[in-house]
Every structure is written in structure tokens, then in C-alpha cells.
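Tertiary structure, described
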Amino acid sequence: MDTDHASPRISGNADPTMTAQRPTTVSQTSPRKEGLQEWIVSLGHIFAWIRTVLAIMTNALSSMSWVKLFLCTCVLVAFFQLWDSSESQRIRHLDRNVKRKIQIYHVQAETEDRHMELGVVPRDNSLPPPAAHTKKKNTTPKHARTTFFSRPEIGKVAQYLTLLGWKGTNIIQNASFLWFQKKQEIPWDSLLPWQRTNHLKHERELGHKGRFLHHLKRHKQRIMMRETGGTLYKKGKPISFLPDSYESMIEKDRLTFLKLAQDRNSFPWITKIPHVDGGKGIRIIDWLSDAHKALVKMLKGPAAHRQELIIQKYIKNIMLYHGRKFDLRVYWFVVSVKPLIVYYHDGTLRVSLTKYLSTNYTNLGSHLTNAVMQKKSKKYEKLKESTRVSMGDFEKYLHQHASKYAHKTIEKPIEYIRCQIKQAILLIVKATMQAVLLKDIDHTENGFSLLGADFMVDNNMNIWITEVQSGPGLPQDTEAMASLMLQMIPQVVDSVLEVRQKQENGVADIDILPLKSMKSFELIFAP
């Protein structure tokens with residue numbers, strides 16, 4: 001099998017088996033629409049037959065011709081038998097097609113497993129390989145080539161583009177580079193082919209905790225189907241960086257959690273509202289607490305399936321930074337969707353202002369590390385610099401406390417943690433590629449997006465994801481963040497412009513890399 005164009009290029013530390021296949025093409029007419037059209041036509045034929053038969057029966061009854069009435073009844077019975085036979089034949093035909101597809105899937109799965117054993121990832125044969133020569137993209141009009149549209153108008157991206165000699169505009173159609181802080185303001189349907197905007201149309205699915213969890217679970221099921229020969233419900237290996245998670249809307253999840261809720265050793269748990277950000281709606285559930293009793297009562301109630309709630313295992317053996325809880329906010333950058341190219345960049349530690357109390361779950365300030373929660377503290381303005389710590393300072397901290405945290409076989413703890421994070425993001429890319437990253441991307445010839453991800457680290461140096469940020473923001477209110485943004489923003493802008501220039505010059509997708517603009521970013525996925 002030809003694999004020259006199949007295996008994504010990833011960084012040396014990432015797992016080479018954790019790669020994503022090419023996206024499948026989408027037909028012009030949906031199967032649901034075609035089925036509806038066939039059903040309407042069949043229904044019209046049925047009504048025509050019924051009308052004809054009723055007319056004959058009416059005439060027969062009026063003339064008291066029992067012979068005609070008998071004949072009409074026979075015709076009606078014969079028609080329904082013929083229709084039923086035709087429908088049964090169609091169903092049998094569909095069933096044969098389904099079985100044939102399952103057989104083909106099993107053969108492909110066995111082939112893919114063999115390739116994975118050999119370290120080779122086969123490409124999706126439903127798509128042609130990348131062309132050696134790519135058609136030039138639409139050239140940006142001269143009046144818009146160095147014109148940008150930004151909201152906010154005086155943001156850091158706008159300031160950098162101005163330094164490059166670009167001019168801002170308030171008319172979206174006159175700009176080639178679009179930057180929106182709020183993605184809901186983007187006029188997707190009126191974007192022009194040569195425009196580049198900083199969000200993907202469906203990236204909110206990443207920031208929505210419920211939808212993100214759904215995509216990870218579906219990805220796990222796909223892996224399990226390959227490992228178990230098509231059986232969906234066999235227990236498989238969990239996603240290593242995802243805490244045990246359950247959704248209150250799903251009956252199977254509710255029943256599983258209710259069994260666990262009877263075991264004191266399974267506590268504590270944390271509950272989240274899927275579509276809410278900033279730590280709002282988060283509760284930590286301890287054994288036999290009022291919150292525990294209320295949660296169990298709700299899950300057993302008749303309206304449990306209508307309650308949107310994520311229930312996750314609370315990680316207890318968490319690593320602390322000078323006695324305070326923290327998480328790692330890192331960044332991953334989709335510099336292009338056509339072709340899909342993803343980079344990773346280090347971020348900062350988000351540290352709580354309050355000392356960690358492992359026995360007190362009512363004081364959320366010591367358990368949540370997000371900026372919204374920390375800004376509620378009266379000490380924030382005075383101690384806000386301590387709420388953001390650079391990766392360099394974190395590396396020094398790990399080195400100083402190596403005997404406490406590092407396993408004997410881990411020579412460089414920071415690299416060990418960083419490698420896990422890059423592998424996790426690569427798996428997220430694979431799990432969300434079709435449903436999010438590459439969905440409905442035809443509004444322009446290309447797009448890009450800067451995304452975030454939050455990870456905790458436990459005392460065994462394992463990482464645990466808390467959420468993905470579809471709009472991580474670019475704050476510069478602390479020294480650590482100001483230094484990070486000063487490093488990242490120019491590379492984000494320059495790399496998008498570099499990709500645009502190469503594509504307008506007709507450079508093939510497989511030859512776009514390397515990108516000279518990417519200096520502190522690390523490549524984790526490319527065609």
C-alpha cells in the first residue's frame with residue numbers, strides 16, 4: 001500500500017502511532033434527503049391506487065354489483081402483497097449491503113492493525129493522495145492584501161499588524177486578515193475565498209465540555225471496534241489523560257455512577273455544567289455531604305435525563321506548586337485546515353492564591369485555578385504575579401523537587417510531562433478532526449485557530465485534562481503572560497501569512513512545511 005502521503009509528520013517526542021487519517025469526502029445530497037424523496041414518491045403511488053380502488057368500489061356498491069366488489073377487493077389485496085414483497089426485497093438488499101460493508105471494514109481493520117504493528121499508518125483509500133502539484137489559491141486583491149479587520153480594534157494582533165505596515169478597516173469585505181475575539185460575530189456565509197479568519201466554524205464543540213467528552217468517547221469506541229472486531233461495548237483501555245467521566249443525560253452513565261456513589265472510596269467527585277465557563281456551576285462532591293445526597297436524588301429522579309451535568313473523578317494525589325494547586329494552560333495552533341497542520345506551544349502554570357486543603361471541598365478557591373476564581377480574592381491585585389508561572393520556572397521547581405516527584409527512570413521531568421501533553425493533543429486532533437476541525441470549512445480557502453488546553457499533573461507525573469479552550473484569550477496582565485504573548489503573537493500572524501503566500505504561489509500541500517515563522521512552536525500534526 002502506498003503510504004508516502006499518508007503518515008502525518010509529528011514531533012520526535014509524540015507517539016508515531018497516534019495519527020489521523022485523511023478526512024472523507026461529503027456527498028452533495030444527504031442520504032436522509034434522498035430517503036425522504038423516495039418515501040414521498042412511494043406515498044403518492046399508494047394514494048393513487050387507493051383513490052382508483054375506492055372509485056371502483058363506490059361504483060360497484062352503487063350498482064350493487066357484488067362481482068365488481070369482489071374483484072376490487074382482490075386487486076387491493078394483490079397490491080398490498082406486491083408492495084410488501086417489494087419492500088421486503090429492498091430491506092434484504094440493504095441488509096446484504098450492510099453485511100458487505102461490515103466484512104470490508106473487518107478486512108480493512110485487520111490490514112490497519114498489521115500496518116500499525118509494522119509502524120506504518122495506512123491512508124484512507126476513499127480519498128486520493130495529495131497532488132504533487134496544487135492549484136494556486138485565489139490571489140488576494142491588491143486593495144486587501146495588507147488590510148486587516150480586528151475586534152477589538154486595538155488588540156495585540158492589530159498592533160503587530162500595524163507594525164508590519166498593515167492598515168486596519170471597519171469593512172470586513174476589504175480585509176484579507178480577520179481577527180475576532182468573539183467567534184459568534186464572524187459572518188461565515190459572507191466570507192470571501194481569499195480571507196483568513198482566526199476561528200473554525202465548529203470549534204465551540206471543543207470548548208463545550210459535554211460535546212468534547214462525547215468526541216473523546218466516540219474516538220475510544222472506534223479504537224475498541226478495531227481491537228475487538230466490531231464489538232462496541234466491550235470494555236477497552238481508557239484514554240489515559242481523561243479522568244473517569246459520566247454524563248447525567250445518558251442512562252448508562254447514570255446507572256454506573258449511582259453504583260460508584262455507594263462506595264466511600266470512590267469519592268470525591270466533581271460536577272460541571274457542560275456549556276458554562278469560568279468555573280461557574282462547579283461543585284466538589286464528598287462522601288455523604290449534602291451535595292452528594294442532592295446529586296444522587298437528582299440522578300434517580302424522573303427528570304434526570306434532562307439535566308446537563310458532567311460528573312468526573314476528582315484527582316486527589318495532585319502535584320502542588322509551593323503548596324498550592326495549579327494546572328498547565330498550554331496552546332495548540334491550527335495554522336491551516338487545508339491541509340490540516342497543527343503546532344504545539346508551551347504555556348504557563350495557573351496557580352491558586354489559596355493553600356491547598358485536601359480535606360475541605362467547600363472552599364473552591366483552593367481547588368480551582370482559573371483566572372475568574374482567583375480575581376475574586378481580595379489579595380489578587382497584590383499577588384496576581386504569583387498566579388501565573390512560566391514553564392521555565394516550573395522546570396526549575398521540578399529539578400529542585402526531583403526526589404519527591406520524579407520516578408527513577410525519568411531523567412527530565414519537564415520533557416516527560418511535555419511529551420504526554422503533545423500526545424494528548426495529537427489524540428484530540430484525531431478524535432475531533434472530522435466532526436470539528438474539518439467540518440464546514442468551505443466558506444474560505446483556508447482558516448486558522450489558536451486553541452488552548454488545561455492539564456493537571458499528579459504526583460506520579462501523569463497528566464489529566466480538565467478542558468479545552470476554543471477561545472483562550474491573550475491576557476498580558478502578568479509578567480509571565482506578557483512574555484509568552486510577545487513570543488507567540490508574531491509567530492501566529494507570520495505563519496498564517498507564510499502559508500497564504502506559499503499557497504498563492506502554487507506550492508503543493510505536502511511541500512508547505514517547514515514554516516520559517518514557527519520558531520518556538522513544535523509541529524505535532526501535518527499531512
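Report follows, based on the coordinates. Computed from a prediction, not measured in an experiment: that's the story for all the values here.

Hydrogen bonds between backbone atoms are what pair the strands of a sheet, whose relative direction is either parallel or antiparallel. Reading across the sheet, the four strands line up as β5-β8-β6-β7 and stay open at both edges, with antiparallel pairing between neighbours. Every interior strand has two partners, whereas the edge strands, β5 (245–247) and β7 (283–285), have only one. Here the average twist between neighbouring strands, direction ignored, is 25°. As paired strands, β5 and strand β8 (residues 310–313) are joined by three bridges and run antiparallel to one another.

What follows concerns the sheet that holds strand β3 (residues 177–180). Read across the open sheet, the four strands follow the order β2-β1-β3-β4; overall the sheet is parallel. Every other strand in the sheet has two partners, leaving β2 (167–168) and β4 (196–197) as the edge strands with one partner each. Looking at chain direction, strand β1 (residues 147–151) and β3 are connected through four bridges and run parallel. Opposite Phe149, over in β3, you have Leu178 as the bridge partner. Contacts from helix α3 (residues 156–163) reach β1 and β3, with the element oriented near 160° to β1. Set on the sheet, helix α13 (residues 479–504) makes contact with β3 and β4; between it and β3 the angle comes to about 145°.

Our next topic: the packing of aromatic side chains. Scanning the model with the defined rule gives 14 aromatic pairs in all. Consider the rings of Trp166 and Phe177, whose centres lie 6.3 Å apart with planes at 80°: the pair is edge-to-face. Residue Trp166 is found in the loop between α3 and β2, and its partner Phe177 is found in strand β3; the two are separated by eleven residues along the sequence. Pair check on accessibility: Trp166 and Phe177 agree, each one buried. The interplanar angle of 90° and the centroid separation of 5.1 Å between the aromatic rings of Phe257 and Trp269 together place this pair among those described as edge-to-face. With Phe257 in helix α6 (residues 251–260) and Trp269 in strand β6 (residues 269–272), this residue pair connects regions lying twelve residues apart in the sequence. Using a relative accessible area of 2% as the deciding quantity, one classes Trp269 as buried. Here the aromatic cluster, defined as three or more aromatic residues joined through ring pairs, consists of Trp166, Phe177, Trp179, Phe333, Tyr343, Phe448 and Phe521.

Cut-offs and rules
- Residues numbered from 1 in each chain as written.
- Predicted model: local features only at pLDDT ≥ 70, side-chain atom pairs only at ≥ 80, totals over all residues.
- Heavy atoms only, no water.
- Pairing = 2+ DSSP bridges.
- Helix = DSSP H or I, 4+ residues; strand = E, 2+ residues; numbered from the N terminus.
- Axes fitted to C-alpha atoms, helices over the stretch in contact; angles between N-to-C directions.
- Contact = heavy atoms within 4.5 Å.
- Phe/Tyr/Trp six-rings, centres within 6.5 Å; stacked < 30°, edge-to-face > 60°.
- Buried < 20%, exposed > 50% of the residue type's maximum accessible area, 1.4 Å probe, protein only.

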